[in-house]
Amino acid sequence: MKPVRHVSQYAARNYKRIFNDELIIKRKILSTTISKTLPVNYDAIALNIMSNYFYNNVQNSNEFSYLQDYYFVDDDKYITWIHEYIRDHYQLEYDTTPQINNTSGIIIKQGEQINYHHHIDDYDLINSPDISAIVTCKTGDIPTYIQFEYDDGRQKMMKYKVPLERGKLILWSSDLRHCFLKNPNHEPTINLSYQFKLIRR
């Protein structure tokens, strides 16, 4: 077992590698399904996000900001539990601690999509996140996807998509351009979004 520092007793006691490498070039895309032993109520999180969507609590109303599609979320124990789950398991696997930088909700209604963007602030690189994550709380029967685009070297313009599934966690380098493809379902796709700074000890 790897050395354990500042992680929950649950994660340390039950440690096993959980992240699957979806794609590795120079920047990683990781995915896993959150363990069912973590009693997360995804419907409650979806309701939290929907409530802020209803009141149009966007994180930035500037039409040129990607945050116009990201909504504030209210403090919630389930959101905290998922954050701690990501933090503890990531630290155990990579010996680096993700420190929360931003939490938000994303809603994609029928026929809608979210265009390509990344999570780096070009005017504030120091405080920009290192890794980003989403957890899907609700989606319809027809598969929906997040799609990534590479923009460097021989991988320039290469695209890779990952299906969004309830309880699935996807992590990636925050500088990766990504989009949410059109939702073909009658039901909205609802995702919880996290951004982290990586603290190396």
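Refer to the preceding data block for the structure.
Each chain carries its own residue numbering, running from 1 in the written order of its sequence. A pLDDT threshold of at least 70 governs which residues receive local features in this predicted model, and a stricter bar of 80 or more applies before side-chain atom pairs are shown or counted, although totals over entire chains, interfaces and linings include all residues. Only heavy atoms go into the side-chain values, all of them from the structure, while hydrogens and water stay out.

### Remarks on the side chain of His 83
Using the following cut-off: Secondary structure elements are taken from DSSP: a helix is a run of H or I of four residues or more, a strand is a run of E of two residues or more, and numbering for both begins at the N terminus. The rule is simple: take the accessible area with a 1.4 Å probe, protein chains only, and divide by the maximum for that residue type; under 20% is buried, over 50% is exposed, in between is partly exposed. Contacts are assigned to residue pairs with any non-hydrogen atoms lying within 4.5 Å of each other.
Along the polypeptide, His 83 turns up in helix α3 (residues 77-94). Accessibility expressed as a relative area gives 17% for His 83, which makes it buried. Sequence-distant contacts of His 83, that is, excluding residues within four places in its chain, are made with Ile 100, Tyr 194 and Phe 196.

### Here we look at the layout of surface pockets
By rolling a water-sized probe across the atoms, one finds the places where empty space is left. What counts here: Cavities and pockets are defined on a 1 Å grid built over the protein atoms alone: a cavity is a set of grid points where a 1.4 Å probe fits but cannot escape, while a pocket is an open set with protein on both sides within 12 Å along at least five of seven lines, and lining residues are those with an atom within 4 Å of any such point. Grid points are joined across faces, edges and corners, and a volume is the space filled by probe spheres set on the points. In this count, Pro and Cys sit with the nonpolar residues alongside Ala, Val, Leu, Ile, Met, Phe, Trp and Tyr, while Asp, Glu, Lys and Arg are called charged and the others, Gly among them, polar.
When its volume is computed, the largest pocket comes out at roughly 420 Å³. Ser 65, Tyr 66, His 119, Ile 120 and Asp 121 are the residues nearest the centre of the largest pocket, which is lined by 19 residues in total. Classifying every residue of the lining of the largest pocket gives 6 nonpolar, 10 polar and 3 charged. Volume-wise, the second largest pocket comes out at about 170 Å³.

### Concerning the packing of aromatic side chains
Keep this limit in mind: Within 6.5 Å between ring centres, the rings of Phe, Tyr and Trp (the latter by its six-membered ring) count as paired, and their orientation is classed by plane angle as stacked under 30 degrees, edge-to-face over 60, tilted in between.
Within the structure shown, the criterion is met by 7 aromatic pairs. Judged by centre distance (5.2 Å) and plane angle (85°), the rings of Tyr 66 and Tyr 70 are edge-to-face. Since its relative accessible area comes to 1%, Tyr 70 is described here as buried. With centroids separated by 5.8 Å and ring planes inclined at 20°, the aromatic side chains of Tyr 194 and Phe 196 adopt a geometry described as stacked. Across the pair, Phe 196 and Tyr 194 agree in class, each one buried.

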